[in-house]
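Spelled out, the chains give:
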Amino acid sequence: MQIVKRLIDQYIPEHYSLSVTLNRVERTFSGLVTIDGVSTPEATAIRLHAKYLAIQSVTFDGKKADFKTDIHDELVITHKDLKPGRHIIVVAFSGKITDAMQGIYPCYFEHDGIKKQLLATQFESHYAREAFPCIDEPEAKATFDVTLTTEQDITVLGNMPIAKQTTEDDLLVTRFETTPRMSTYLVAWVVGEMHKKTAMTKRGVEVNVWATPSQPASSFDFALDVATKAIDFYEEFFGTQYPLPKSDHVALPDFAFGAMENWGLITYRETTLLAEPETISISSKQYVALVIAHELAHQWFGNLVTMRWWNNLWLNESFATLMEYLAIDAIHPEWNMWLDFSTNESILALRRDSIDGVQSVQTDVNHPDEIGTIFDGAIVYAKGARLLRMLQFYVGNESFQAGLKQYFKDHAYHNTEADDLWGAIAQASNKDIVGLMHAWLSQPGYPVVHVTRTEQTISLSQEQFFVGPHSSSDRLWPIPLNASDDSLPALFSTKEISIATNSNAPLRLNIGDTAHFITHYDDVTLQALLAQVKAGTLNPLDRLQLLDEAILLVRGNILPSSRILKLIDAYRHETSEQVWTIIFLALSELRKFVEDDPIAEKKLRAFSAEIARVEYERLGWVAAENEDEEDSKLRGTILSLTLYGEAPDVINTARTIYETTDLDKLDAELRPLIISTVVRNGDAAIVDELLATYKKSSSGELRQDISVGITSTRIPEKINGLLEIIKDADIVRPQDAARWFIYMIRGRDSRDVTWQWIRDNWQWVMDTFSSGKSYDEYPRYTATALSTKKQLQEYIDFFTPLKNDIALSRAISMGISEIEGRVELIERDGVAVIKALNDL
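**Q** Any details on helix α14 (residues 598-619)? Residues and values, ideally.
**A** Taking 1.5 Å as the rise per residue, α14 with 22 residues should run 32 Å; its terminal C-alpha atoms sit 30 Å apart, in good agreement. At Arg613, α14 shows its strongest bend, of approximately 55°. Downstream of α14 by a residue or two, Gly620 has a phi angle that is positive, lying close to 60°.

Rendered as structure tokens:
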């Protein structure tokens, strides 16, 4: 793509006075923006960003100016008096409110049988230009005075507290206090009928949780508690005060992202903010907490100090991902969040980063339109967070915090590059951070360290780890080994080393799972570690890491797939919920081998149920009084394995619970599992009943659980009907369409039909999602579900012509590699896996 010229190089805005009139009924807006800024010597015209806007007039220092539109969404303003120095530009403009969930857009909800709307904004990454003319680049920080004119008797929220509200011509005029210096993508407002709950931080920052009246106030309490405590935590951890007088958190009925860190006015999907005590699961509460903590971390890292350009977007997101776990671990230490980090972020990062063609964390962005192509959450969020966690442990928490405090002090209200952060942490730690981080950030992928030991020697070698077809690689990394044997170096940077040792203890590398690599132990070392698993002398993090890395080694053709059965056998007496997550994942890895072999599949089903039997007998279906939350979460995993075994009495128990309990009264941890079981083993009437409940429910949690369950149907006509419903925005909101599709493409009984459906309906996907973040999820998640040579060729035939779309190119290339790797694995190990199962 053509390299876009940075507009800040010719005109530097310092202050915006923005007045916007919103006409919700007519779905239009109009406004006037006054920009006070400084033109540079290279400016031959003033260029602003303006997209989908009608420009009525422009003045330059109070005089009428000529203007025209140009490529790259540019509004070109010319005047004979232009010269370097301060100039004031005034632009009158108007635009249309659309359903694209970017710029200014409506959110639909129903309350007391009446259909209503909010108006909200989404300006990241480069959509502020769709709401008002501006220099829509992160480096173009300025202060903002915002005035909104709206209908009366509604709530009007902005980045800052309200300075004044008046009524003029039967309209409500709301003027907000002046913002600090900030980027355009962080400007925001929400207007409409809302209610709230309020709390204060220790220092007196006002925290509000808002939602439409269709959501009960009782669902606000958990978010309010987390948000208040998270601000307190960050103020202490960063040694820097929260920069604004208030922090609003708004649940929007329609929202393309999970949440957005608008400064002082954070917006969320309803399911990522609201927590109704009667219907929310522990897992969902933890997810809500992490999302809130993530967005609040951005109030410092991203908002107070902002990337200079989008190539450092990863640093914003990676840092916030790391900090969300640090914050919630401090607020809820009983949740063992670092175990969840390893079962969430580590799994995402290690799997995606093993495919040849994956992007590096640090990737050039030549044009804002490319941002969606690099927004791979497994890399930008998860891998980046693992690398920052690695850095935190490498320098020590004290130096890490000291570096952050200095970073915020030096760069508050300004823009930075990643090297500014590395420099601050290097100064605090007296270590070469720039060299360490550049090696990890500029190279895609990660290493596998091969371990071989004799009685007196430990030999290590590293190479890039791949799953699936790949080109040869000679990449090396400086690896923090975090070894159990002190004779090994802190950093391993060469191709191979041999070290003398006097220790006879089983060797462990990457203790704490704090570095981004995996370990291939020789068989003697692996057996010694598995003996520790059986004896219960390895901690839960070590146990789950050992098994997860073995799964990867199987995928990477270093271990045979049949080995998984023996590895799992060592975990028969496991009690940790997070470790069971990996056991479940390991058993799921084997399912693709047996789909066409009923006898082997029956063996796998029986083995899965047998492995879970002890915990099933301990936990049962009903939570004990004052039960530990980890057991409550674990029950769902254990029952999933047990139900996969297809024992009639277990299935009948699920059916009985479903038939005798209201949906919203089902155990929230088990509700999607129970619904799925009943739907999979039930008739068409159950699907119809659930769909009717989905349509009328205002509970995001319940609707999500129903969507998980209802898409498990095996009935062909219902599968076809559900696929068509995805396109009906009155039933499935566009923000949820990708999730429905993913459930359907991954379903064994719906996979083939869904694969055909997405090809037949690709024009609808393009028309609906091509400008949004979820567009590349369709080829990406399709690739996760296909596993035959025929499907591989179909994927290549269909998607290859679409690779010229920059938003899809990388996802398609990696999708092909992913399917090729899966096909190769099944061909390589299929016979051996089936034999191992039949020998059980």
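There's plenty left to go through after this.
**Q** I'd like to hear about the pairing of strand β7 (residues 74-78), residue by residue, with values.
**A** By the criterion of burial, β7 is predominantly enclosed, with four of the five residues buried. Relative to β7, strand β3 (residues 46-49) runs antiparallel, the two sharing four bridges. Bridge pairing in β7 links Leu48 to Leu75. Examined bridge by bridge, strand β6 (residues 66-70) and β7 share five bridges and lie antiparallel to one another. Bridging across to β7, Asp66 finds its partner in Thr78.

**Q** Describe the side chain of Thr201, with residues and values.
**A** Within the secondary structure, Thr201 sits in the loop between β16 (195-200) and β17 (206-211). What Thr201 contacts, discounting residues up to four positions off in sequence, is Val207, Thr228, Ile231 and Asp232.

**Q** Can you break down the sheet that holds strand β8 (residues 85-96) residue by residue, with the values?
**A** Taking strand neighbours across the sheet as the criterion, the eight strands line up as β5-β4-β8-β2-β1-β11-β14-β13 in an open arrangement whose pairing is mixed. Each of the sheet's edge strands pairs with one partner strand only, and the pair in question is β5 (63-64) and β13 (162-168). Examined bridge by bridge, strand β2 (residues 28-39) and β8 share 12 bridges and lie antiparallel to one another. Its bridge partner being in β8, Thr34 is matched across the sheet by Val90.

**Q** Kindly report on the environment of Ile558, identifying the contributing residues and their values.
**A** Assignment of secondary structure puts Ile558 in the loop between α11 (540-555) and α12 (563-569). Along the backbone, Ile558 and Phe466 are 92 residues apart, and their C-alpha atoms lie at a distance of 10.0 Å. If near-sequence neighbours (up to four positions away) are discounted, Ile558 is found in contact with Val448, His450, Phe465, His520 and Leu553.

**Q** I'd like to hear about the pattern of salt bridges, residue by residue, with values.
**A** Enumeration according to the criterion identifies 58 salt bridges in this entry. The residue Lys383 makes a salt bridge to Asp353 at a minimum N-O spacing of 3.0 Å. Remark: Asp353 occurs in the loop between α4 (337-352) and α5 (371-374) and Lys383 occurs in helix α6 (residues 377-395); sequence separation between them is 30 residues. Accessibility assignment for this pair places Lys383 and Asp353 in one class, buried.

**Q** I'd like to hear about the nonpolar core, residue by residue, with values.
**A** Membership of the largest hydrophobic core comes to 223 residues, with the highest contact counts inside it found for Phe132, Trp189, Tyr234, Leu391, Trp422 and Leu509. With 12 residues, helix α3 (residues 313-331) is the single largest residue contributor to this core. One finds Leu690, Phe741, Leu792 and Ile816 within the second-largest nonpolar core, a separate group that totals 58 residues.

How each quantity is defined
Residues numbered from 1 in each chain as written. Predicted model: local features only at pLDDT ≥ 70, side-chain atom pairs only at ≥ 80, totals over all residues. Heavy atoms only, no water. Helix = DSSP H or I, 4+ residues; strand = E, 2+ residues; numbered from the N terminus. Expected span 1.5 Å × (residues − 1). Bend = angle between axes of the 7 residues up to and from the residue. Buried < 20%, exposed > 50% of the residue type's maximum accessible area, 1.4 Å probe, protein only. Pairing = 2+ DSSP bridges. Contact = heavy atoms within 4.5 Å. Salt bridge = Lys/Arg side-chain N within 4 Å of Asp/Glu carboxyl O. Core = buried A, V, L, I, M, F, W, Y, C linked by side-chain atoms within 4.5 Å.

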